[in-house]
Amino acid sequence: MAWSPNLIVYPFLLAAIYYEFFLLVTFLSKPARDSRKRGTPTTYPHVAIIVPCWNEENTIESTTKSLLALKYPSKKLSIVLVNDGSTDNTKKILARFARHPQIKIINKEKNGGKYTALNAGISSSPEAEFIGCLDADSLVAPDALREIVSCFEKPEVMATTAAMSVHKPHTLLQHMQYAEYIFGITTRHILSSVNGIYVTPGPFSIYRSKVFRELGNFRHGYQTEDLEMALRIQYAGYKIENSLRARVYTKAPSTLRPLLKQRVRWTSGFLRNILYDYRGLIANPRYNALGLFILPFALFSMFSGISLFSLSIFEFAKSTIHSVSVAQGVPLTYALSLHSFSWFYLPFTVMFFLGGATLLITLVFIVMGKRLSNTPGNLTVSAIAYSILYGFVAPLWLIRSVADVASGARRSWR
Amino acid sequence: MSLFARNALIALGLTVLLVGTVVYTVNYFDQQRISELNTMQTRLSTDTLSLETQFALLENAPCKNISENTTLSKELSDLGDRLSFTENRLGSKDPQVIELKKSYALLEIRDYLLTKKLETNCKVKPVVVLYFYSNAGNCEDCDRAGYALSYLRQTYPHLRVYSFDYNIDLGALKTLISVEKVKPKLPAFIIQGDLHYGFTSLTDLEKAFPKNALATSTATSTIKIH
């Protein structure tokens, strides 16, 4: 068979479509349908929300106020603000809440990392039946906690994730992330129905406090303590749920540099956790969908993202060099002149239709995620930004993450 | 069967169904293209035959049909563009493409002969280029030469370019190659009867044309009439 770039592209495209169809079918399955019908909780257990802060002077006040506005019995909700050795005005701002009956403040003199701040909060809340985490740059919707608590009906559920979205996107990159996060709302909702969630994100994931007593507190986890904890829960055979309507809004990086920094931390953390500490999950029938399908596909999609991006760059360069060489000496106006339209020349290829189907299903998931979670905001610009930019930006952090893991490089948090 | 296994199987079925539908749809569009090319070729063949018959019937060539011949050449050129697109889509080894290329080469030769008759009988002097290329990978400069000729054809509408795949197994084309003594040193051009080999640049190609043959003042006319 003659060499063609399609030989590389088709398997990846088919895998992507297969994965999307799996999500679609699972979305329509009974467990997912039932989870969408969940009502408000019948009981209100004691919950402690821990907010680790490291130089969060700009956002911590609004984050704390959003927690105080939660529609949850105040006697059953405590907020633990942990200052993890901040060098800015965070300590002063936290002090303003010191007298609030629901708030407890812990000041750590030295910065020990997010997981140490979370553990300090856990240790200070022995009375809590549930422990929640909220990043200091995130805001919760008033009914978010009630929505989440109702997901803990089954005793084997050890954690529940929220419906995260980007808070007031401004730049194109933030709009791209807005659509990406909304897509994440749908996928997390679907994956939870087959117990396939492998990360309990910092913005408002709630844990049954029993899980810390049984499995231990947070660990460094290669700078992804939330992912490590989720994998530990799965490894122990417990379940992670998702609350579709527990809205939490987080601040997304506005420019490329901090975005890459954040995503390289997430992706390299995922790779290190999976490849070093939780290899036993992969291809293990004991973990059903997570082990046999979701984690292998996550690794495969990284490989496919890097391969497709590299191939696109190579093919684009090759075709540009060829076009420039062919058009050499011929006025540019000829190359740019518009030819009359005819259906005959439309690119109706297998790649065109399969690529279009993949994008269409993704967009459907994004629209579904927004509607089902009642997330505010305008999707149009975000969906366009996502469709155009994501394929170019995501491979950048994938390539750097793989390079970091391969070379053993470690990067700072921010 | 677990929910995961059931959903994975249904998803597989849906993927196969989608891929099957896409392959069918793409094949349908390709067949529509082939069908359109066949229709165009049949129409052009009939029109060419009609003109040839008029020549045979009338001792004095029907010079009033010059414009008709020009229109035919334009349509032929459009057909060539579409055929080239289809060849890129389906590959040069596709049997349908090979058959279409044979018919197209035959139409070109017949149009070329008609143009020559008009030149003799009606005292018109069209600027004619016969261009021989190869898609077999043995002609490095054929892409550049083809692009330069397309540009010249668009810039100078009175220019008539007949492109032939040197490797097509067609008796009439082999005869033309033999009559014009074209060696397999491609790309090769016969510009107003003179044989040239190789392509270096658009400027050099333009120099191969007789003086004033590419005059822009005639760009709006279709054929130079003396």
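Residues numbered from 1 in each chain as written. Chains lettered and ligands numbered in written order. Predicted model: local features only at pLDDT ≥ 70, side-chain atom pairs only at ≥ 80, totals over all residues. Heavy atoms only, no water.

## Brief notes about the nonpolar core
Of all hydrophobic cores here, the largest spans 116 residues; its most connected members are Ile49, Leu67, Leu145, Phe204, Tyr207 and Ile233 of chain A. Considering each element in turn, this core owes the most residues, ten residues, to helix α7 (residues 172-192) of chain A. Apart from residues lying up to four places away in sequence, Ile49 of chain A is in contact with Leu67, Leu77, Ser78, Ile79, Val80, Gly132, Leu134, Leu145, Phe204 and Ile206 of chain A. The next biggest cluster of nonpolar side chains, apart from the first, holds 60 residues, and it includes Ile34, Leu37, Tyr131 and Ile168 of chain B. (Core = buried A, V, L, I, M, F, W, Y, C linked by side-chain atoms within 4.5 Å. Buried < 20%, exposed > 50% of the residue type's maximum accessible area, 1.4 Å probe, protein only. Helix = DSSP H or I, 4+ residues; strand = E, 2+ residues; numbered from the N terminus. Contact = heavy atoms within 4.5 Å.)

## Topic: the interface of chain A and chain B
Contact residues are listed per partner, giving 38 residues for chain A and 36 residues for chain B. Between chain A and chain B lies a buried interface of about 3,300 Å² when both sides are counted; carbon and sulfur atoms form 74% of it. The three residues of chain A that bury the most area against chain B are Tyr334, Phe344 and Tyr345 of chain A, which together make up 22% of that side's buried surface. At the junction of chain A and chain B, the tally comes to zero salt bridges. Seen at the junction of chain A and chain B, the total is ten residue pairs in polar contact (both at pLDDT 80 or more). Listing elements by their share of the side of chain A that touches chain B, those giving two or more residues are α1 (6-28), α11 (288-326), α12 (332-336) and α13 (350-373) of chain A. (Buried area = accessible area lost by both parts, 1.4 Å probe. Salt bridge = Lys/Arg side-chain N within 4 Å of Asp/Glu carboxyl O. Polar contact = N/O pair within 3.5 Å; in protein donor to acceptor, adjacent residues only side chain to side chain.)

## Points about the environment of Val26 of chain B
Structurally, Val26 of chain B can be placed in helix α1 (residues 3-57). Here Val26 of chain B is in contact with Phe348, Thr349, Val350 and Phe353 of chain A together with Arg89 of chain B, once residues within four sequence places are set aside.

## Remarks on the domain arrangement of chain B
Residue and element names in this part refer to chain B. Segmenting chain B into domains produces domain 1 (1-122) and domain 2 (125-226). Each partner contributes residues to the interface: domain 1 has 19 residues there, and domain 2 has 22 residues. The contact between domain 1 and domain 2 buries some 1,800 Å² in all, and 63% of this surface belongs to carbon and sulfur atoms. Looking at the side of domain 1 facing domain 2, the largest losses of area belong to Glu108, Ile109 and Tyr112, adding up to 29% of the total buried there. (Domains from an automatic or database assignment.)

## Regarding the side chain of Thr362 of chain A
With respect to the helices, strands and loops of the structure, Thr362 of chain A is situated in helix α13. Those residues within four positions of Thr362 of chain A in sequence are excluded, and the remaining contacts are Glu20, Phe183 and Tyr386 of chain A.

## Comments concerning the pattern of salt bridges
Per the stated rule, a full pass over the model turns up 28 salt bridges over all chains. With a closest N to O distance of 2.9 Å, Arg43 of chain B and Glu75 of chain B form a salt bridge. One end of the pair, Arg43 of chain B, is in helix α1; the other, Glu75 of chain B, is in helix α2 (residues 66-90), and 32 residues separate them in sequence. The partly exposed category is assigned to Arg43 of chain B, whose relative accessible area is 38%. The exposure class of Glu75 of chain B is partly exposed, given its relative accessible area of 25%. In this structure, Asp81 of chain B and Arg153 of chain B form a salt bridge, with 3.3 Å as the shortest nitrogen-oxygen distance. With Asp81 of chain B in helix α2 and Arg153 of chain B in helix α4 (residues 142-155), this pair connects stretches of sequence that are 72 residues apart. In the salt-bridge network here, residues are joined through shared partners; they are Glu61, Lys65 and Arg96 of chain A.

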